[in-house]
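This is what each chain is made of:
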2 protein chains.
Amino acid sequence: MIVCAGSIALDTTHTPFKSAKRILGGSASYFGIASSFFTKTALVSAVGSDFPEDYWRALEKHCDLAGVERAEGKTFFFESKFDFDLHNRTALGLEEGVFPSAKWSVPEYLQNPEILFLNSHHPAVDAKVLKQMRPRLVFGDTIEYLTRQQKPLLLEFLKKTDGYVLNETEARILSGESNLVKAGKKIQAQGPEIVVVKKGEHGGLLFYGSEVFPFPALPLENIVDPTGAGDCFAGGFLGWIDEQNKVSETVLRQACYYGTVMASFCVEAFGLNNLLVLEEKDIHKRLNEYHRIAFCEV
Amino acid sequence: MIVCAGSIALDTTHTPFKSAKRILGGSASYFGIASSFFTKTALVSAVGSDFPEDYWRALEKHCDLAGVERAEGKTFFFESKFDFDLHNRTALGLEEGVFPSAKWSVPEYLQNPEILFLNSHHPAVDAKVLKQMRPRLVFGDTIEYLTRQQKPLLLEFLKKTDGYVLNETEARILSGESNLVKAGKKIQAQGPEIVVVKKGEHGGLLFYGSEVFPFPALPLENIVDPTGAGDCFAGGFLGWIDEQNKVSETVLRQACYYGTVMASFCVEAFGLNNLLVLEEKDIHKRLNEYHRIAFCEV
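Residues numbered from 1 in each chain as written. Chains lettered and ligands numbered in written order. Predicted model: local features only at pLDDT ≥ 70, side-chain atom pairs only at ≥ 80, totals over all residues.

Draft legend 1. Structural view of the pairing of strand β3 (residues 19-25) of chain A. Residue and element names in this part refer to chain A. Inspection of the sheet shows strand β2 (residues 9-14) paired to β3 by five bridges, in the antiparallel sense. Residue pairing in the sheet places Ala9 in a bridge with Gly25 of β3. Hairpin connection, β2 to β3: the antiparallel pair is bridged by four residues. (Pairing = 2+ DSSP bridges. Helix = DSSP H or I, 4+ residues; strand = E, 2+ residues; numbered from the N terminus.)

As structure tokens, then:
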């Protein structure tokens, strides 16, 4: 089982082609739904009294929500706008609502998962959740503004993790290295044996022990909304590791491919629209396609 | 046999770690030396009377130079400076020397090659060379400032090519598309059945017929000088195609891997330092390593 501590949010998202108001979002929602295709996934989070019942039911179909507090107040809200080529996002508004004052209390039966994914982007929340738990493996991720503002805290936190997933900008800031191979290795040296540097449309780099494995993204012609792609990558990645119930070079490399596939579904539709109607056979089909176009014998 | 029309130059290159003055450079030099490891390669170019004899001998060891004019005047000269992370290059000086007034006359026995690579970055020169020849396949490439300044001319030129190799910025400008999959397909629609969009440290995308094949770069920790990497990619890419003497999906995909390997050697040393001492066994060793780290069964 995977437990993910992160945000469940209401997102208002603007792209050059479409805007949508107060749709289901948040790092834990994207992660948990992606992960649920591979393994049992429980979320630790909080929502407010304004959280729509149909969103709750949609999440509940995929994830164990016993660790999600329903508090008086407002749900975490995020409004953002993408530029014309969907490369850069500008934050237009953020209301943390019940998020900072939530209890972050983990039900006892969820305290011993195989994998704990700390995805809240709040070091204090991550620490509070971690303290209650005895997971076999701890994975973390971060977000750009934290790598800028709280670098020493994050470097300290890295020591407590077995694996860390972050994007190329975050890796460069956190390590102080421009070269991504050096950056990944420097982050490993702080603690986690496993590091994945995500590069969006360019795929990513998996660091495991002393090795570096590059993998490409799926070449996609129609990208609709990049929101949540990194969380869906993490969902496929950790979901596969948990399903295999072991960590090895082969499992980790396969996990990167499943992460890539889950992220590709995510960005091809607005919000969680694709993920919520996805079927297992779609995942296998796309994984086979990825394998066919990305691997060729010499 | 491959014939490549391009520049043979004297380069003064500054990186944050090292500067070197008037070293052997130019698109045809990098391409030809890389390609020579796979197949017979002839250059069509021009140098001035200041071109050092030991550079000539170094080139001659790898390439047929019967099509290189030795004219009165100065050799093409290019001075540039890389920024601290080697991502951006600033041109500090450029003297075309004998280049624009050269004859670009192709000896008769070089007029029927399997592959002609037009790599001069001067549409008029490319046209002059092409007119003299009856190659089986024509490949072209370009350079960023041309895609900005001479877009209509380049789009017209594309019709005459079977394949086109360009970097992601050039692809975006030439196609007017931000999405690279759309960009590559739009360039194919102008003429070439084969398009490779090079993405530097992120690998590239091969377009062939209606298919798109992504490939990662080798993860390199020590990049010394990116000069010529794209030309070395093209050298490995076209060299392999010519050695196999056929165009197929498999050959093209393998060609991308050989191109990737040749580019990786190039950037790990200053100028042509690595390429000039490279041995065939080094190429096979790195190709095997690339295969090991980039391809994993699921």
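Okay, back to it.
Draft legend 2. Geometry of the relation of the copies chain B and chain A. Relative to chain A, chain B is turned by 180 degrees and slid 0.0 Å along the rotation axis, the superposed coordinates differing by an RMSD of 0.0 Å. One copy is carried onto the other by what is essentially a two-fold rotation axis. Mapped onto chain A, 100% of the interface residues of chain B are again interface residues, and the two copies thus contact each other with one and the same surface. (Least-squares fit on C-alpha atoms with pLDDT ≥ 70 in both. Contact = placed C-beta atoms within 7 Å.)

Draft legend 3. Quick look at the interface of chain B and chain A. Contact with chain B, which involves 30 residues of that partner, is made by 30 residues of chain A. At the level of elements, α7 (180-189), β13 (211-215), α9 (249-267) and α11 (280-294) of chain B are the ones that each hand at least two residues to the side of chain B that touches chain A.

Draft legend 4. Broad picture of the packing of helix α9 (residues 249-267) of chain A against helix α11 (residues 280-294) of chain A. Residue and element names in this part refer to chain A. With their axes 10 Å apart at the nearest point, α9 and α11 run at an angle of 115 degrees to one another. The orientation of α9 relative to α11 falls into the category roughly perpendicular. Along this stretch, α9 crosses α11, giving a crossing that reads as right-handed. Between α9 and α11, the residues in contact are Tyr257, Tyr258, Thr260, Val261 and Ser264 and Ile283, Arg286, Leu287 and Tyr290, respectively. Here the residues of the contact of α9 with α11 sort into six nonpolar, two polar and one charged. (Axes fitted to C-alpha atoms, helices over the stretch in contact; angles between N-to-C directions. Parallel < 35°, antiparallel > 145°, perpendicular 65-115°, else oblique. Left-handed = near helix turned anticlockwise from the far one by under 90°. Nonpolar A, V, L, I, M, F, W, Y, C, P; charged D, E, K, R; others polar.)

Draft legend 5. Region of interest: the sheet that holds strand β6 (residues 76-82) of chain A. Residue and element names in this part refer to chain A. Pairing is mixed in the open sheet, where four strands are placed in the order β3-β2-β6-β7. Each of the sheet's edge strands pairs with one partner strand only, and the pair in question is β3 and β7 (89-95). Across the sheet, the mean angle from the axis of one strand to that of its neighbour is 20 degrees, orientation sign disregarded. Bridging between β6 and β7 involves six bridges; their strand directions are antiparallel.

Draft legend 6. How the structure looks around the nonpolar core. Of all hydrophobic cores here, the largest spans 88 residues; its most connected members are Leu43(A), Phe117(A), Cys232(A), Phe237(A), Met262(A) and Cys266(A). The biggest single contributor to this core is α9(A), with 11 residues. Those residues in contact with Cys266(A), other than ones at most four positions away along the chain, are Tyr30(A), Gly228(A), Ala229(A), Cys232(A), Asn274(A) and Leu275(A). Leu24(B), Trp104(B), Leu238(B) and Tyr257(B) belong to the second largest nonpolar core, which has 87 residues in total. (Core = buried A, V, L, I, M, F, W, Y, C linked by C-beta atoms within 7 Å. Buried ≥ 20, exposed ≤ 12 C-beta atoms within 10 Å, placed from the backbone.)

Draft legend 7. Spotlight on the pairing of strand β10 (residues 163-167) of chain B. Residue and element names in this part refer to chain B. Of all five residues that make up β10, five are buried, and the element is covered over most of its length. Neither face of β10 is open: one carries Gly163, Val165 and Asn167, the other Tyr164 and Leu166, and all of them are buried. For strand β9 (residues 137-141) and β10, the ladder comprises three bridges, and the chain directions are parallel. Following the sheet pairing, Gly140 is matched in β10 by Tyr164. Of the strand pairs in this sheet, β10 and strand β11 (residues 194-198) are connected by five bridges, and their pairing is parallel. The residue of β11 that forms the bridge with Asn167 is Lys198.

Draft legend 8. Region of the structure containing unusual backbone geometry. Residues and elements named next belong to chain B. Positioned with a positive phi, Leu86 is a non-glycine residue whose angle comes to about 60 degrees. Turning to its location among the elements, Leu86 is positioned in the loop between β6 (76-82) and β7 (89-95). Note on Leu86: 20 C-beta atoms within 10 Å, which makes it buried. Positive phi values are uncommon outside glycine, yet Asn245 reaches one of about 55 degrees.

Draft legend 9. Region of interest: the sheet that holds strand β8 (residues 115-119) of chain B. All names here are of chain B. Across the sheet, which stays open at both edges, the nine strands sit in the order β5-β4-β1-β8-β9-β10-β11-β12-β13 with mixed pairing between neighbours. Both outer strands of the open sheet, β5 (64-70) and β13, are each paired with one neighbouring strand and no more. The mean angle between the axes of side-by-side strands here comes to 15 degrees, regardless of whether they run parallel or antiparallel. Bridge analysis of strand β12 (residues 204-208) against β13 gives five bridges, and the strand direction is antiparallel. By the bridge assignment, Gly204 is partnered in β13 with Phe215.

Draft legend 10. Representation of the environment of Leu137(B) in the model. Residue and element names in this part refer to chain B. Within the secondary structure, Leu137 sits in strand β9. C-beta crowding within 10 Å serves as the criterion here: with 19 such atoms nearby, Leu137 is assigned to the partly exposed category. Taking C-alpha positions, Leu137 is 14 Å from Phe157, a pair spaced 20 residues apart along the chain. Every residue in contact with Leu137, bar those within four places of it in the chain, is listed here: Glu114, Ile115, Asp162 and Gly163.

Draft legend 11. Structural context of the environment of Leu130(B). Residue and element names in this part refer to chain B. Turning to its location among the elements, Leu130 is positioned in helix α3 (residues 123-131). By the C-beta count within 10 Å, which is 19 here, Leu130 ends up partly exposed. Put simply, Leu130 and Phe117 are 13 residues apart on the chain and 9.5 Å apart in space, counted from C-alpha to C-alpha. If we ignore the near neighbours within four places in the chain, the residues touching Leu130 are Leu118, Val138 and Lys160.

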